[in-house]
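Each chain, letter by letter, is given below.
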Amino acid sequence: MSKSQTTQTWKRSLPAKAVVMARKSSSKKALPKSELLIQAAAAPAANRKSETLDEICADLGACQRCKLGKSRTNIVFGDGNPKAELVFVGEAPGENEDLEGRPFIGRAGQLLEKMIEAMGLSRSEVYICNVVKCRPPENRNPETDEIESCSPFLFRQLDQIQPKVVVALGKFAAQTLLQTETRISELRGKFYPYRGAKLIPTFHPAYLLRNPPSKREAWEDLQLVAKELGLEIPKKSP
Ligand code: URA
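All values reported here derive from a predicted model rather than from experimental measurement.

A.B. asks: Would you take a moment to explain empty space enclosed by the protein for this structure?
C.D. replies: Over the atoms rolls a probe the size of a water molecule, and in doing so it shows where empty space is left. Evaluated as defined, the whole model comprises two cavities of 30 Å³ or more. Taken as a whole, the largest cavity holds about 100 Å³ of empty space. Looking at the largest cavity, it is lined by 14 residues, and the ones nearest its centre are Cys63, Cys66, Lys133, Cys134 and Cys150. Considering every element that reaches the lining of the largest cavity, the biggest residue donor is helix α8 (residues 144–161), with three residues. A breakdown of the residues in the lining of the largest cavity according to their chemical character gives eight nonpolar, two polar and four charged.

Written as structure tokens, this is what we have:
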């Protein structure tokens, strides 16, 4: 299945409440469809349950809810500060992450750490996780059924952490979280309301490793984040 097909099918699985919200907003003023979907995804969590990240992880257990359960080595739940004001959401674990059970520990992870440090923070002060928690074989894109099985756990994590800002790393995380097919280059650079937080899409560190000139724009996005969090804005990019 192509990435755009995946997103298309995923969009069809919008929760009924989100669709109603989109319709309600559409009755006020005519917004482009992409904006309606973004608004729907932003709906704050209803009936937020009080639970710890450990409880959510325990509920995930030795998950076999989707086919990735069969091929993974370790579940990559997420790590960092459970009370973080800033959460980074990537796509899915890669090989290193699968082997160690921690997100973003390969080359892309090293760049992400530099980006975090350039904002004046340390990795342990933020929280890092992915849209899906098991490595897709050969690092293929996560498929609709996998996202549908896994994303409720991500939403529960975000609802408990209650960050001020969520950074969606890359096209896949941004399009999945905002339920839109808008290109990452159009989405990035601004905040969207998201489950009680502000979400900003930016380029994935793996993309930045392949396209170093885009680091400038990613750094601009992170400077917006730093400003939003009241951090002293460092002058130098990572
Ligand atoms: N890429 C991701 O999106 N997530 C990881 O954890 C590692 C690489």
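Still more ground to cover, so stick around.
A.B. asks: How should helix α12 (residues 215–228) be read in this particular structure?
C.D. replies: Every α-helical turn comprises 3.6 residues, leaving residues that sit three or four positions apart pointing alike. Relative to the 20 Å expected for 14 residues at 1.5 Å per residue, α12 spans 20 Å between its end C-alpha atoms, a close match to the ideal helical length. Restricting attention to buried positions, one finds in α12 the residues Ala218, Trp219, Asp221, Leu222, Val225 and Ala226. Projected down its long axis, α12 carries its buried residues within an arc of 155°, all on one side. Of the residues in α12, the exposed ones pointing more than 90 degrees away from the buried face are Arg216 and Lys227. Buried residues along α12 sit against β2 (86–90), α7 (107–118), β4 (165–169), β6 (197–202) and α11 (205–210). After α12 finishes, the residue Gly230 shows a positive phi value of roughly 70°.

The rules behind each value
- Residues numbered from 1 in each chain as written.
- Predicted model: local features only at pLDDT ≥ 70, side-chain atom pairs only at ≥ 80, totals over all residues.
- Heavy atoms only, no water.
- 1 Å grid on protein atoms, 1.4 Å probe; cavity = no way out; pocket = protein on both sides within 12 Å on 5 of 7 lines; lining within 4 Å.
- Points joined across faces, edges and corners; volume = space filled by probe spheres on them.
- Helix = DSSP H or I, 4+ residues; strand = E, 2+ residues; numbered from the N terminus.
- Nonpolar A, V, L, I, M, F, W, Y, C, P; charged D, E, K, R; others polar.
- Expected span 1.5 Å × (residues − 1).
- Buried < 20%, exposed > 50% of the residue type's maximum accessible area, 1.4 Å probe, protein only.
- Arc of directions from axis to C-beta.
- Contact = heavy atoms within 4.5 Å.

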